Amino acid sequence: MNIHKAVITAAGRNQRALPLQTLVDRDGNEKSVLRIIIEEVLTAQIDEICVVVSPGDEAAYARAVGTSESMVRFIEQLEPLGYGQALYCARKFVGHEPFLHLVGDHLHVSHTGTGCAQQLVRVATEEKCAISAVQATRENVIQHYGTVSGPKISDRENLYRIENVIEKPTPTEAEQRLIVAGMRAGHYLCFFGMHVFTPAIFDLLAGNDSLSNALAELAKQERYLALHTRNRRYDVGVKYGLLRAQLALALSGRDRDEVLSQMIEVLASSNGSRA
Amino acid sequence: MSELTGIIVSKDPEIRNRSLEQFCSAASAATLLEECRSLDLFRRSSENLYERVRAQFFLYAIHRFYLPVKEGMQRTGLIPFAANANILKRRFEEGIQILLTAQASQGANAALSSALAAAYHGLAFQTLADQVRQSVRSVRGNQWMSRIGHPADYPLAIRPELLTKGSTGLYPILRETTPVRMDLSHSGWSDIFFLGMDFPEGARVLNASIDLAVRGSGEGSPQPPVEAYLRVIEEPVLRLTSVDLGGMADISSFAEIFDFARDYLGLLKAAVIASGMVPPAMEGCSEPLSDLLARLVGRGMGIEIVSRVRDIPKGSRLAVSTNLLACLISACMRATNQIHALTGTLGEEDRRLVAARAILGEWLGGSGGGWQDSGGVWPGIKLIEGVNATEGDPEFGVSRGRLLPVHHVLSEDEISSETRQRLQASLVLVHGGMAQDVGPILEMVTEKYLLRSEAEWNGRKQAISLLDEVVADLRSGDVRALGSATERNFFGPIQTVIPWASNLYTETLIDRVRSEMGDDFWGFWMLGGMSGGGMGFIFDPRSKSRAQDRLQAIMTETKERLETAVAFAMQPVVYDFAINQKGTSAELLTGDSALMPRGYYDLAVPALLRIEPRLLQPARRAELDRFGAACRTAPELAGMMQGLFERLLPQAAEDTSGKAQPLKVLLEQFGFDPAQHDQIRADMCNGRIGLAQNRLPVTTGIQDARTGDLLDATASITDSRFARIGLDALKAGEIAVVSLAGGAGTRWTKGAGVVKALNPFCRLGGRHRNFVETHLAKSRRTGRATGTLVPHVLTTSYLTHEPVRKWLDSVDGYNYPGPLLLSQGKSIGLRLVPTARDLRFAWEEMPSQILDEQKQKLRESLHGALINWAREAGEGTDYTDNLPMQCLHPTGHWYEVPNMLRNGVLRELLEQRPQLRHVMVHNIDTMGAWLDPSIVGLHIDRGAAMTAEVIARQIDDRGGGLARINGRLRIIEGLALPSEESESGLSYYNSNTIWMDIDLLLGAFSLDRRDLDDEAKVASAVRNVAARMPTYITIKDVKKRWGKGQEDIFPVAQFEKLWGDMTALPEIDCAFMAVPRVRGQQLKEPAQLDGWLRDGSAAHVNSLCDWE
């Protein structure tokens, strides 16, 4: 399996401005969120990227891409018909090849030297099938995420064969259908916002509104795996999400000590003013 | 391995199902004690739940029924106080250890065995309850709720559909309607969790979901009886309303939600918790509830939930409360997306989840039915069966069966629609009006199952085969055969397993219906735990209408005849019913339809009208506008305005005068002494008398009776001299019997105010007998045996006199051949609202049985609410907020003997029988008391003014006994003992059967026979002795009935003087006689009946009686 295309969805009505926000990356350079995501994608040897945007957003996004402009194409989602349909818009770009997929409002921070996307694409290439990065998530927040379950693959660390996918389950439903052997009580495997899909996904998306429903079908049709990652994801669309993402980048990068000392200063002075 | 352990662990059902009785009847005391040692070791080491529990039940039964009566067992012994205290605090293991140590030092004896039986019994039920609780929590879908303990972790959110206001400005309302369930089979209570989890193959029930309407109420066609309404509100509170109980509260803290007994909203609170809307782990959370609501609904927003039961009374045996709980839970789970379908019916998986949550809710609310009770969630008729636990189930390896059964909904291919129609056309459903506590019955069923007593085990097997017959009859559409099967089930296996499932009222109804309807009556059908409440009668469809009319009349007439003897909660009703083919179902009320049920506005609008319109929330204002418009147009709201007007301006004056007048009249009529009453009130309020002041000073010297202090009549009296003396006296007509029948039997009916003496408590000699009839039957037998009729006096009080008189008239005094006199009580008290001090003393200082964890929480919450009630109602004020007769109280049995002096009964008796010299006075519930010639002889020979009978104390004998108080041997009341510990040092308990020498007793009153004509002298003599008797303040429970079969129980203060204190008077020569337990034991609570029947006491009493 050779993966050299990626699709980034950024057409959500409430997230249009998020990929355009500027952050300081791990190397201390100011970059847009979109550019950081694209650089993440590029670590995985991807050479064609498609960004699905809302009508009229292309110009602003193009400016935010930075130096990789030549590798990036934009496709408009003409009507706001949801996440699954946004991905479906990229079907012609993808053609009949497997592809890497990321969402435009999440940043991923690896705890190793290897990028998150790079890790996922490597496993997908080895396993020759669709694969989603997942993260152990406590039951009190699973209602925000697509959640999967299935048995662990023997002899493979952190790999699961997905049997069930439910979008934003309640803990009640999760406990009934999504318990995964070996996980801590009350913890489930939730999407990390990064996937490698086979083109079969587009046939399934044609008849489904939601990506999770299509993925549940995909799991029945073909081998579909979950890679349990210890990396971190940051949703920049939630309250203080951008701040948390920035802190995560800064604390895992070159300026860690400087940022830490500034934070301590802020903490000390805010405590002082409260007193 | 011991023989009994072998039975428990055997894999062979033939051996495993062997009864304990078979072994124990033949075994010696030494063998049984050896078996007990082995069983105790085994129960400590076995890892299997049911092996442990069965061993505990075996130990209980051996100590309760077999060991105490074995040859060579000591009758007396001392139960260590620490053991008793541990048992009361549910620390059973520690209690057992202390008792076994005491057994090693004292030797095995009946007293210790009684305590060991109580401890093993408690431990067995605690083990089972813990396991069910753990299983309920570990059901998948329930577990997360015990992990989420802070609003910051709260994972649920309200569905967006409920957050969208319509054009009317109203939020949509989610309305869930649920049928109730009717048990079509009654397969021997096999749906009790403990049974289903040990014997899944025998746990089978056929039940139908039904809609109901009370016949003649003008409600129209049957409807699902329970409803829940849920909507979003613009206030950060949880607003709960129970329309039928009239309760409404805005809840803003977690503590209030978990305070179940604070108001009438306990069931709604349990539903909110069990649904996960406020997860159980939030108990104790100190954050404001609004933090959770902000996550659930949005900042500044809240939820309103309303429950409604359509005129179905409590105790209907149709599991109304469980189905209401399930209905509320379903609505809450739909609203929070835990169930995918917001409206319509539920899928099988969701139904099971709701049922599991309902079980959790029942446990939280301190109740607990069987697993079939939430059957209304499912549609139509279904066969519900236990399932073996398999790998992956949380129960696997713990119990043989799973907690939750499987429901097979029978299709129309299996039971045709014609059969369903035919069933509806034949079955008359009624509520007989009795509302009983089935809790003790469920415990008895569990116990008998685990002991595999032969008759009961065979009964269970018969019930299982009858279920197959019922299913076959339904499949073939033969409703007549169905009626025959359900009636055979009632008179056969059900009563074999639990005789108390039937009662005189039910059997009278069946007899009368059969005699009136003849062949058109096809059979009786018992619903649920016990009869007397919800019941079914099957008729030829052509006669159904007439049968409905006649049943209403027969029930009403029978209730009127029995209501002074049997506790009824409400007027009997006949239902119209229809099988519900949907199960629980929901719809979304939007736009103009988004209104709550009618009764809700009765409660909510008066308060809203008092708020300035500009201060009302916009949604509230919109609702009032819409409600006003609907009142003018919607037929279901017709007359609403008039009702509201009456609520706003209640006619208080008329109400109070209506109640006060008869009470005043009654007080005058019964000789109420207002001066004494005011004195008692003042003393109580000032702390001069009260529960704490009942007690003797701690410096009082208290010693147990010594050998030689007592006449011994515990074994058969070998000296024939006494029997001869007794027989001579009986033949000479020197002896009479006085049965004390003035009491209300508070513990017998939990304060229902019926006459205990007339309560048909047990089937003896082939039919139900009451206490009076049984005592007369004993006197009749003595009279026949000696050739001289025995005079029998029944003392009565204001409460019991007329009912007893009328009853005796209606049964021609049971054709009692001898003199039968009623001694009417002449004293009466008016109950008082207790002081908070006395309530605290009663509940916090005095020993009481600690309950199961959740029930205890509920009890403590209720106590808090009742202490507040006492403060608000006014401590020490007259208790008048109830039926007049419930506000009065008898003043203790001390007065009952002097009353015979004052009201002329003794004089009359002596005129008829001048030779009369002695009377035996006994409590109405001392069933074994009789004129045993040897005991008569012992009393006469001893020559004392009074001879008091005592029995060797056992664990349940609380409330004083025989003691040497500062050197004098006397009867001491439990109320007067300085501490609980002092009671545990007394070997003998007061049976309250006292022999009196009439002349010596009159002498103690400074009277003789001739003085009985002098009313003034007698009155003065009585007053003088009364003044020397201590006055005790006691707290009694009194029921207040309201609504449709609802009952509240209030604690009230009253005073009493007790006859046992006469033994303290130095001028009276008293003797004391130890008698066998079977003679001296008293029946204080209905829960004692089963043991009384099983240990041979009932058969013994029957042998003393001549019924005709």
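Just so you know, these numbers come straight off a predicted model, no measurement behind them.

## Things to note about the overall build of chain B
Moving on, step 1. Across its full length, chain B carries 41 helices and 32 strands.
Moving on, step 2. Against the compact-globule benchmark of 32 Å for 1108 residues, chain B has a radius of gyration of 31 Å, which places it among compact chains.
Moving on, step 3. Seen through its C-alpha atoms, chain B measures out along the principal axes to roughly 95 × 75 × 65 Å.
Moving on, step 4. Per-residue burial for chain B yields a buried fraction of 52% across its 1108 residues.
Moving on, step 5. Considering only contacts in chain B between residues 6 or more positions apart, those separated by 24 or more positions represent 81%.

## Structural notes on the overall build of chain A
Moving on, step 1. Looking only at helices and strands, chain A features 10 helices and 14 strands.
Moving on, step 2. Along the longest, intermediate and shortest principal axes, the C-alpha atoms of chain A span 60 × 45 × 35 Å.
Moving on, step 3. Expressed as a percentage of its 275 residues, the buried residues of chain A come to 44%.
Moving on, step 4. Look at the contacts in chain A between residues 6 or more apart in sequence, and 72% of them connect residues 24 or more apart.

## Notes on the sheet that holds strand β25 (residues 918–923) of chain B
Residue and element names in this part refer to chain B.
Moving on, step 1. Within the open sheet, the 8 strands sit side by side as β17-β32-β26-β29-β25-β18-β21-β22. Their pairing is mixed. The outermost strands of the open sheet, each flanked by one partner alone, are β17 (711–712) and β22 (820–823).
Moving on, step 2. For strand β26 (residues 946–952) and strand β32 (residues 1070–1074), the ladder comprises 5 bridges, and the chain directions are parallel. Note on β32: the bridge partner recorded for M946 is C1070.

## As for the pairing of strand β2 (residues 180–183) of chain B
All names here are of chain B.
Moving on, step 1. Residues V180 and M182 of β2 are buried on one face, and the alternating residues R181 and D183, pointing to the opposite face, are buried as well.
Moving on, step 2. Inspection of the sheet shows β2 paired to strand β3 (residues 204–214) by 4 bridges, in the antiparallel sense. Counterpart to D183 in the pairing with β3 is N207.

## Brief notes about the interface of chain A and chain B
Moving on, step 1. Listed per partner, the contact involves 11 residues of chain A and 16 residues of chain B.
Moving on, step 2. For the side of chain A that touches chain B, the class distribution of residues is 2 nonpolar, 6 polar and 3 charged.

## Topic: the packing of helix α1 (residues 33–42) of chain A against helix α2 (residues 58–65) of chain A
Residue and element names in this part refer to chain A.
Moving on, step 1. The interhelical angle for the contact between α1 and α2, taken along N-to-C directions, is 60°, at an axis separation of 7 Å. Classified by the interaxial angle, the pair formed by α1 and α2 is oblique. α1 and α2 meet at a crossing whose hand is right-handed. Residues L34, R35 and I38 of α1 pack against Y61, A64 and V65 of α2.
Moving on, step 2. Class assignment for the residues of the contact of α1 with α2 results in 5 nonpolar, no polar and 1 charged.

## Looking at the sheet that holds strand β15 (residues 585–589) of chain B
Two pairing modes exist for strands in a sheet, parallel and antiparallel, and in both the strands are linked by backbone hydrogen bonds.
Residue and element names in this part refer to chain B.
Moving on, step 1. Taken in spatial order, the 7 strands of this open sheet run β6-β5-β7-β4-β1-β15-β8, and their pairing is mixed. Each edge of the open sheet carries a strand with a single partner, namely β6 (247–251) and β8 (344–345).
Moving on, step 2. The pairing of strand β5 (residues 238–242) with strand β7 (residues 302–309) spans 5 bridges and is classified as parallel. Across the sheet, the residue bridging to R239 is E304, located in β7.

## With respect to helix α19 (residues 504–517) of chain B
Residue and element names in this part refer to chain B.
Moving on, step 1. Across its 14 residues, α19 extends 20 Å between first and last C-alpha, which sits within 8% of the 20 Å expected from 1.5 Å per residue.
Moving on, step 2. Taken together, the buried positions of α19 are occupied by L504, Y505, T506, L509, I510 and V513.
Moving on, step 3. Those residues of α19 that are buried are in contact with β12 (521–526), β13 (534–539), α20 (544–562), β19 (760–764) and β20 (767–770).

## Comments concerning unusual backbone geometry
Moving on, step 1. In this structure, A:Q45 takes a positive phi of about 60° despite not being glycine.
Moving on, step 2. The class for A:Q45 is partly exposed, based on 15 C-beta atoms found within 10 Å.
Moving on, step 3. Despite not being glycine, B:S1006 has its phi angle at roughly 60°, a positive value.
Moving on, step 4. Position of B:S1006 among the secondary structure elements: in the loop between α37 (998–1004) and α38 (1015–1026).
Moving on, step 5. By the C-beta count within 10 Å, which is 13 here, B:S1006 ends up partly exposed.

## Regarding the confidence of the model for chain B
Fine structural detail should not be taken from predicted coordinates in areas where pLDDT scores are low.
Residues and elements named next belong to chain B.
Moving on, step 1. For chain B, per-residue confidence averages 90 on the pLDDT scale, and 98% of positions sit at 70 or higher.
Moving on, step 2. Averaged pLDDT values over the elements of chain B bottom out at 62 in helix α24 (residues 652–669) and peak at 98 in strand β1 (residues 173–178).
Moving on, step 3. Confidence metrics for the complex model read pTM 0.84 and ipTM 0.81.

## Some words on the nonpolar core
Moving on, step 1. Ranked by internal contacts, the top residues of the largest apolar core, which has 331 residues, are B:L328 and B:F537.
Moving on, step 2. It is helix α8 (residues 110–138) of chain B that contributes the most residues to this core, 14 residues altogether.
Moving on, step 3. Residues contacting B:F537, with those up to four places away along its chain left out, are B:V428, B:V513, B:F521, B:F524, B:W525, B:A547 and B:L551.
Moving on, step 4. A:V7, A:L102, A:A174 and A:L249 belong to the second-largest nonpolar core, a separate cluster that totals 82 residues.

## Some remarks on the packing of helix α4 (residues 29–45) of chain B against helix α5 (residues 49–66) of chain B
All names here are of chain B.
Moving on, step 1. Interhelical geometry of α4 versus α5 gives an angle of 155° and a closest axis separation of 9 Å. One element, α4, and the other, α5, form an angle in the roughly antiparallel class. In terms of crossing hand, the pair formed by α4 and α5 is left-handed. In this structure, α4 uses L32, E35, C36, L39, D40, F42 and R43 to contact α5, whose residues at the interface are R52, A55, Q56, F58, L59, I62 and Y66.
Moving on, step 2. Of the residues assigned to the contact of α4 with α5, the class counts are 9 nonpolar, 1 polar and 4 charged.

## Looking at the environment of B:G742
Residues and elements named next belong to chain B.
Moving on, step 1. With respect to the secondary-structure elements, G742 resides in the loop between β18 (735–740) and α27 (746–749).
Moving on, step 2. What makes G742 buried here is the crowd of 29 C-beta atoms within 10 Å.
Moving on, step 3. Remark: the alpha-carbon pair of G742 and G892, spanning 150 residues in sequence, is separated by 8.7 Å.

## Observations concerning helix α17 (residues 454–476) of chain B
Residue and element names in this part refer to chain B.
Moving on, step 1. Over its 23 residues, α17 runs 33 Å from end to end, which matches the ideal 33 Å to within 8%, given 1.5 Å per residue.
Moving on, step 2. Turning to α17, its buried residues are E456, G459, R460, A463, L466, L467, V470, V471, D473 and L474.
Moving on, step 3. Looking at the buried positions of α17, the neighbouring elements they touch are β3, β9 (381–385), α15 (417–426), α16 (439–451) and α18 (479–497).
Moving on, step 4. Count one or two residues on from α17 and you reach G477, which has phi positive near 80°.

## Considerations on the environment of B:I994
All names here are of chain B.
Moving on, step 1. In this structure, I994 sits in strand β29 (residues 988–997).
Moving on, step 2. Residues I994 and E875 lie 119 residues apart in sequence; the distance between their C-alpha atoms is 37 Å.
Moving on, step 3. Discounting residues that sit within four places of it in the chain, I994 has contacts with V921, M946, T947, A948 and W1059.

## Digging into the environment of A:N213
Residue and element names in this part refer to chain A.
Moving on, step 1. In this fold, N213 is placed in helix α8 (residues 211–221).
Moving on, step 2. Classification of N213 by C-beta neighbours within 10 Å gives partly exposed; the count is 18.
Moving on, step 3. Between the alpha carbons of N213 and Q143 there is a distance of 15 Å; along the sequence they are 70 residues apart.

Rules and cut-offs
Residues numbered from 1 in each chain as written. Chains lettered and ligands numbered in written order. Predicted model: local features only at pLDDT ≥ 70, side-chain atom pairs only at ≥ 80, totals over all residues. Helix = DSSP H or I, 4+ residues; strand = E, 2+ residues; numbered from the N terminus. Rg over C-alpha atoms; globule rule 2.2 N^0.38 Å. Buried ≥ 20, exposed ≤ 12 C-beta atoms within 10 Å, placed from the backbone. Contact = placed C-beta atoms within 7 Å. Pairing = 2+ DSSP bridges. Nonpolar A, V, L, I, M, F, W, Y, C, P; charged D, E, K, R; others polar. Axes fitted to C-alpha atoms, helices over the stretch in contact; angles between N-to-C directions. Parallel < 35°, antiparallel > 145°, perpendicular 65-115°, else oblique. Left-handed = near helix turned anticlockwise from the far one by under 90°. Expected span 1.5 Å × (residues − 1). pLDDT = per-residue confidence, 0-100. Core = buried A, V, L, I, M, F, W, Y, C linked by C-beta atoms within 7 Å.

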